[in-house]
Amino acid sequence: MPLLQIEASDDRNLRRTLETLPAGAYTCDAAGLITYFNRTAVELWGREPRLNHAADRWCGSFKLYSPDGTPIPHDQCWMALAVRDRKAYTGREIAIERPDGSRWFALAHANPFLNEQGLLVGAVNVLVDITDRKHSELVLARFGAIVESSEDAIISKDLTGVIRDWNGAAERLFGYTAAEAVGRSIIMLIPADRLDEEREILARLRAGERLTHFDTVRLRKDGQPIDVSLTISPIRDARRNIIGASKIARDIGDRKKDEAKIYSLMTELKEADRRKSDFLATLAHELRNPLNPIRNAVNLLRLKGSTESELELCKDVIDRQVDHLTRLVDDLLDISRITRDKLDLRKERTTLESVVNAAVELSRPVIDRRRHELTVNLPPEPIHLDADVVRLAQVFMNLLTNAAKYTEEGGHIRLTAKRDGSQVVVAVADDGIGIPPEKLPNLFEMFYQVEGARERSDGGLGIGLSLVRRLLALHGGSIAAESAGIGQGSEFIVRLPVAEGESAVEKPTSPQASVVTRAGWRILVVDDNRDAALSLAMLLRITGNETQTAHDGLEAVALAEKFSPDAVLLDIGLPKLNGYEAARRIRAEPWGKALLLVALTGWGQPDDRRLSREAGFNHHMVKPVDLNTLMGVLTELKRSRD
Ligand code: ADP
């Protein structure tokens with residue numbers, strides 16, 4: 001661009017022109033001294049520079065920066081460069097700081113000019129304020145960054161549904177790139193059965209409405225439906241006309257999945273809670289059931305003049321009902337131990353035959369009472385198992401007893417076993433009331449009972465099969481139930497791993513069951529339940545022993561010294577002094593070293609046994625105690641000591 005040629009008279013005209021400019025303008029001489037500035041320049045600078053003064057050279061601003069924020073010394077500003085380089089610099093962006101710290105942006109247009117002799121005499125700089133534009137750009141850039149970095153898909157469309165903007169999250173969510181999506185109709189995201197939705201959305205937008213948290217389904221590029229929550233707002237132009245809509249889509253697939261999970265957990269919990277309530281009602285009923293016949297038998301025993309056979313009958317009734325009660329309570333305890341992982345298995349190398357025999361023995365009374373015919377079919381060769389015989393027998397006893405309970409009298413029960421590779425499959429089948437197919441999956445849940453089946457049974461708590469499944473799992477086995485339906489009989493199929501090779505488990509040392517060989521013991525029975533102490537003492541007395549009873553720990557220690565028994569049967573949960581402490585005190589006395597101390601308690605966990613061993617007990621027995629077993633244990637202990 002040719003340089004400005006200015007004559008002295010022009011100078012005045014130029015100043016007059018600059019005065020009217022809606023932009024900042026100033027001039028300086030070839031040495032940079034400011035020779036003129038207009039009012040707008042003063043407003044922009046926020047100060048008035050001194051004219052023709054060495055302190056204000058090249059520019060009247062307080063401070064100067066390049067657009068990226070780097071400071072520019074005044075003698076490096078565009079005005080200075082224009083003079084130095086004898087060259088025009090126009091449209092150069094700069095930032096100016098006022099003395100009050102505020103900043104504004106301008107385009108500098110610096111033009112050197114020459115006098116009539118062609119000498120460079122100075123320059124003029126016109127500063128156009130672009131602060132508003134700069135701010136808009138910054139705001140736009142900031143919004144752009146926010147939209148781009150959003151985790152939610154942000155889309156805009158016009159009122160005909162054509163996509164106009166598409167951010168990174170929209171790419172990730174829907175699978176289309178911005179290039180693929182912009183310009184196409186939003187319909188591509190909408191499942192065919194939801195097209196009405198879009199019509200309704202557009203109608204509401206045109207009415208100026210905003211839609212929030214609109215949960216719906218949209219389609220990905222690959223055709224997969226996705227759960228999204230939409231917030232849709234109208235976009236207006238400067239005259240407030242609606243020209244389109246912005247749409248924020250949030251992927252709620254995970255939330256939906258979580259909701260479904262929570263819902264199903266809640267349903268399960270409600271169901272478990274309902275079953276627990278049912279169970280408590282059943283439990284009260286089942287515990288009360290045996291009490292009635294016991295109460296009747298006791299009343300009968302009280303009556304004078306009962307015949308011998310009536311007395312026998314009463315004893316049988318009590319015996320049977322106590323057995324039944326004990327089994328119920330044992331099942332309850334077992335289930336609670338298993339759920340707390342506290343059940344210890346005493347595994348040993350055994351055979352399926354001995355397990356099945358024990359189970360048949362245990363369930364024989366109910367099978368016989370209901371006059372069922374039982375057929376047992378085992379393979380001829382022995383099938384070895386590493387198992388807790390008692391627990392596994394309990395499994396098959398449960399299945400056989402159920403078969404007997406849920407089959408009309410005089411039915412048929414079959415137990416069949418066959419090898420299947422490394423497993424043995426044992427099936428217990430009956431021709432009883434059967435199970436509706438839809439109930440089969442629930443049978444092994446705790447407290448589950450098929451409605452209508454209860455009345456047919458001898459009662460139960462709905463925990464037998466749950467116990468069976470868990471006991472089998474502890475043996476590495478499994479169980480399944482089959483039935484063709486109501487009245488079609490049922491079949492329970494157990495799978496267990498067969499033990500191969502050498503026995504991997506040690507045979508546990510259990511006290512030998514022995515017969516009562518010696519009566520005439522002196523026995524102190526200690527229990528805070530007076531009836532329990534009294535009845536046991538009575539039984540011991542009838543079988544030829546001398547007994548005394550005590551009901552708390554202190555009394556136990558005192559009486560043990562006075563009575564000098566051969567054995568003390570000591571409850572653990574005693575008032576004043578608990579059983580462990582009483583045992584310790586007895587053992588600490590010279591007279592207490594040799595006597596036999598047996599803990600009789602309701603607690604039989606390994607920890608309980610360890611504690612009683614540490615307190616000086618010779619043996620730990622769990623109530624209810626069978627007299628024969630008790631005498632066997634005493635005799636055995638005595639023998640091993642002698
Ligand atoms: P229960 O104490 O009620 O017998 P279980 O857990 O042993 O509890 O059995 C659960 C339910 O399974 C029973 O209430 C009964 O409805 C059903 N069931 C179990 N065994 C049989 C069977 N052999 N035939 C028909 N129904 C059975």
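Provided above is the structure to which this section pertains.
This structure is a prediction, so every number in the text was calculated from the model and none was measured. (Residues numbered from 1 in each chain as written. Predicted model: local features only at pLDDT ≥ 70, side-chain atom pairs only at ≥ 80, totals over all residues. Heavy atoms only, no water.)

### Quick word on the sheet that holds strand 12 (residues 242–251)
Next, step 1: As summarised here, the arrangement of the 5 strands in space is 9-8-12-11-10, forming an open sheet in which the pairing is antiparallel. Only two strands of the sheet have a single partner each, and these edge strands are strand 9 (163–166) and strand 10 (211–219). Shown here is a sheet whose adjacent strand axes are inclined to one another by a mean of 30 degrees, direction ignored.
Next, step 2: Together, strand 8 (153–158), strand 10, strand 11 (225–236) and strand 12 form the strand contacts of helix 7 (residues 195–206), whose direction differs from that of strand 10 by roughly 150 degrees. (Pairing = 2+ DSSP bridges. Helix = DSSP H or I, 4+ residues; strand = E, 2+ residues; numbered from the N terminus. Axes fitted to C-alpha atoms, helices over the stretch in contact; angles between N-to-C directions. Contact = heavy atoms within 4.5 Å.)

### Some points on the environment of arginine 57
Next, step 1: Position of arginine 57 among the secondary structure elements: in the loop between helix 2 (39–45) and strand 4 (63–65).
Next, step 2: The partly exposed category is assigned to arginine 57, whose relative accessible area is 34%.
Next, step 3: Distance from arginine 57 to glutamate 97, taken between C-alpha atoms, is 16 Å for residues 40 residues apart in sequence.
Next, step 4: Setting aside anything within four residues of it in sequence, one finds arginine 57 in contact with Ala31, Gly32, Leu33 and His74.
Next, step 5: From its side chain, arginine 57 meets the backbone oxygen of alanine 31 in a polar contact 2.7 Å long. (Buried < 20%, exposed > 50% of the residue type's maximum accessible area, 1.4 Å probe, protein only. Polar contact = N/O pair within 3.5 Å; in protein donor to acceptor, adjacent residues only side chain to side chain.)

### Comments concerning the side chain of threonine 601
Next, step 1: Tracing the sequence through the fold places threonine 601 in strand 23 (residues 596–601).
Next, step 2: By relative accessible area, which is 2% here, threonine 601 ends up buried.
Next, step 3: Threonine 601 has contacts with Asp571, Ile572, His620, Met621, Val622 and Lys623, leaving out every residue within four places of it along the chain.

### With respect to a nonpolar patch on the surface
Next, step 1: Judged by side-chain polarity, Val139, Phe143 and Ile146 come together as a nonpolar surface patch covering roughly 280 Å² of accessible area.
Next, step 2: Its location among the elements puts isoleucine 146 in helix 4 (residues 131–149). (Patch = residues over 30% accessible without salt bridge, like charges linked within 9 Å, V, L, I, M, F, W, Y side chains within 5 Å. Areas by Shrake-Rupley, 256 points an atom, 1.4 Å probe, with all protein chains shown as cover. Salt bridge = Lys/Arg side-chain N within 4 Å of Asp/Glu carboxyl O.)

### Some points on helix 11 (residues 389–405)
Next, step 1: A rise of 1.5 Å per residue sets the reference length of helix 11, with its 17 residues, at 24 Å; its end C-alpha atoms lie 23 Å apart and thus fit the reference within 8%.
Next, step 2: Between a side-chain oxygen at the N-terminus of helix 11 and the backbone nitrogen of valine 390 the separation is 3.1 Å; the capping residue is aspartate 388. (Expected span 1.5 Å × (residues − 1).)

### Examining helix 7
Each full turn of the α-helix corresponds to 3.6 residues, which orients residues three or four apart in the same direction.
Next, step 1: An ideal rise of 1.5 Å per residue puts 16 Å on 12 residues; helix 7 measures up with 17 Å between its terminal C-alpha atoms.
Next, step 2: Restricting attention to buried positions, one finds in helix 7 the residues Glu197, Glu198, Ile201, Leu202 and Leu205. One side of helix 7 carries all its buried residues, which in axial view fall inside an arc of 135 degrees. For helix 7, exposure combined with an orientation more than 90 degrees from the buried face picks out Asp196 and Arg199.
Next, step 3: Taken together, the buried residues of helix 7 touch strand 8, strand 10, strand 11 and strand 12.
Next, step 4: In the segment just after helix 7, glycine 208 is the residue with positive phi, at about 85 degrees. (Arc of directions from axis to C-beta.)

### Focus on the site of the ligand
Next, step 1: Asn402, Tyr406, Asp430, Gln449 and Leu465 are the nearest of the 21 residues found near the ligand.
Next, step 2: Separating a nitrogen atom of the ligand from a side-chain N or O atom of aspartate 430 is a distance of 2.8 Å.
Next, step 3: Every element with two or more residues in the shell around the ligand is listed here: helix 11 and helix 12 (464–474).
Next, step 4: Examining the composition of the shell around the ligand, we find that 3 residues originate from one element, helix 11, more than from any other.
Next, step 5: For the shell around the ligand, the per-class residue count stands at 12 nonpolar, 7 polar and 2 charged. (Near = heavy atom within 4 Å. Nonpolar A, V, L, I, M, F, W, Y, C, P; charged D, E, K, R; others polar.)

### Let's talk about the environment of histidine 324
Next, step 1: The residue histidine 324 is located in helix 9 (residues 308–339) in this model.
Next, step 2: If near-sequence neighbours (up to four positions away) are discounted, histidine 324 is found in contact with Glu286 and Pro290.

### Brief notes about the pattern of salt bridges
Next, step 1: A full pass over the atoms with the stated rule returns 32 salt bridges.
Next, step 2: A salt bridge links arginine 419 to glutamate 500; the nearest nitrogen and oxygen atoms lie 2.9 Å apart. Here glutamate 500 lies in the loop between strand 19 (491–497) and strand 20 (522–526) and arginine 419 lies in strand 16 (residues 412–420), a separation of 81 residues in the sequence.
Next, step 3: You can call arginine 419 partly exposed: its relative accessible area is 37%.
Next, step 4: Aspartate 552 is the salt-bridge partner of lysine 576, the closest N and O atoms lying 3.6 Å from each other. Remark: aspartate 552 occurs in the loop between strand 21 (546–550) and helix 14 (553–563) and lysine 576 occurs in the loop between strand 22 (567–570) and helix 15 (579–588); sequence separation between them is 24 residues.
Next, step 5: Here lysine 576 falls in the exposed class, since its relative accessible area comes to 66%.

### A look at the nonpolar core
Next, step 1: Formed by 54 residues in total, the largest nonpolar core has its most connected members in Phe396, Leu399 and Leu443.
Next, step 2: Per-element tally for this core: the top contributor is helix 11, with 10 residues.
Next, step 3: Among all residues touching phenylalanine 396, those that are not within four sequence positions of it are Val355, Ala359, Val426, Val428, Val494 and Leu496.
Next, step 4: If you look at the next biggest cluster of nonpolar residues, it comprises 25 residues, including Trp58, Cys59, Val83 and Ile96. (Core = buried A, V, L, I, M, F, W, Y, C linked by side-chain atoms within 4.5 Å.)

### Brief notes about the packing of aromatic side chains
Next, step 1: A full pass over the atoms with the stated rule returns 6 aromatic pairs.
Next, step 2: Consider the rings of tryptophan 166 and phenylalanine 174, whose centres lie 5.7 Å apart with planes at 40 degrees: the pair is tilted.
Next, step 3: Taking relative accessible area as the criterion, tryptophan 166 reaches 7% and is therefore assigned buried.
Next, step 4: Taking the relative accessible area as the measure of exposure, phenylalanine 174 reaches 1% and is therefore buried.
Next, step 5: A centroid spacing of 6.4 Å and a plane angle of 75 degrees characterise the contact between tryptophan 166 and tyrosine 176, whose relative ring orientation is edge-to-face. Here tyrosine 176 lies in the loop between helix 5 (168–174) and helix 6 (178–181) and tryptophan 166 lies in strand 9, a separation of 10 residues in the sequence.
Next, step 6: Relative accessible area serves as the criterion here: at 8%, tyrosine 176 is assigned to the buried category.
Next, step 7: Chaining the aromatic ring pairs together yields one cluster made of Tyr26, Phe37 and Trp45.
Next, step 8: When the ring centre of tryptophan 78 is taken as reference, the NZ or CZ atom of arginine 92 above it lies at 4.9 Å.
Next, step 9: The ring of phenylalanine 105 is capped by lysine 134, whose NZ or CZ atom sits 5.5 Å from the centre of that ring. (Phe/Tyr/Trp six-rings, centres within 6.5 Å; stacked < 30°, edge-to-face > 60°. Lys NZ or Arg CZ within 6 Å of the ring centre and 35° of its normal.)

### Observations concerning the packing of helix 15 against helix 16 (residues 606–615)
Next, step 1: Closest axis-to-axis distance for the helix 15/helix 16 pair is 8 Å, and the angle between their directions is 25 degrees. When the axes of helix 15 and helix 16 are compared, the pair comes out roughly parallel. Only Asp608, Leu611, Ser612, Glu614 and Ala615 of helix 16 make contact with helix 15, whose side of the interface consists of Tyr580, Ala583, Arg584 and Arg587.
Next, step 2: Residue classes in the contact of helix 15 with helix 16 are distributed as 4 nonpolar, 1 polar and 4 charged. (Parallel < 35°, antiparallel > 145°, perpendicular 65-115°, else oblique.)

### What to know about the sheet that holds strand 20
Next, step 1: The strand order 21-20-22-23-24 describes an open sheet built from 5 strands, whose pairing is parallel. Since the sheet does not close on itself, it has two edges, and those belong to strand 21 and strand 24 (619–622), each with one partner. Each strand of the sheet is rotated relative to its neighbour by a mean of 20 degrees, with strand direction disregarded.
Next, step 2: The sheet contact formed by strand 20 and strand 21 spans 5 bridges and is parallel. Bridging across to strand 21, leucine 524 finds its partner in glutamine 548.

### Quick word on unusual backbone geometry
Next, step 1: In this structure, arginine 371 is a non-glycine residue whose phi angle is positive, near 55 degrees.
Next, step 2: With respect to the helices, strands and loops of the structure, arginine 371 is situated in the loop between helix 10 (352–369) and strand 14 (373–377).

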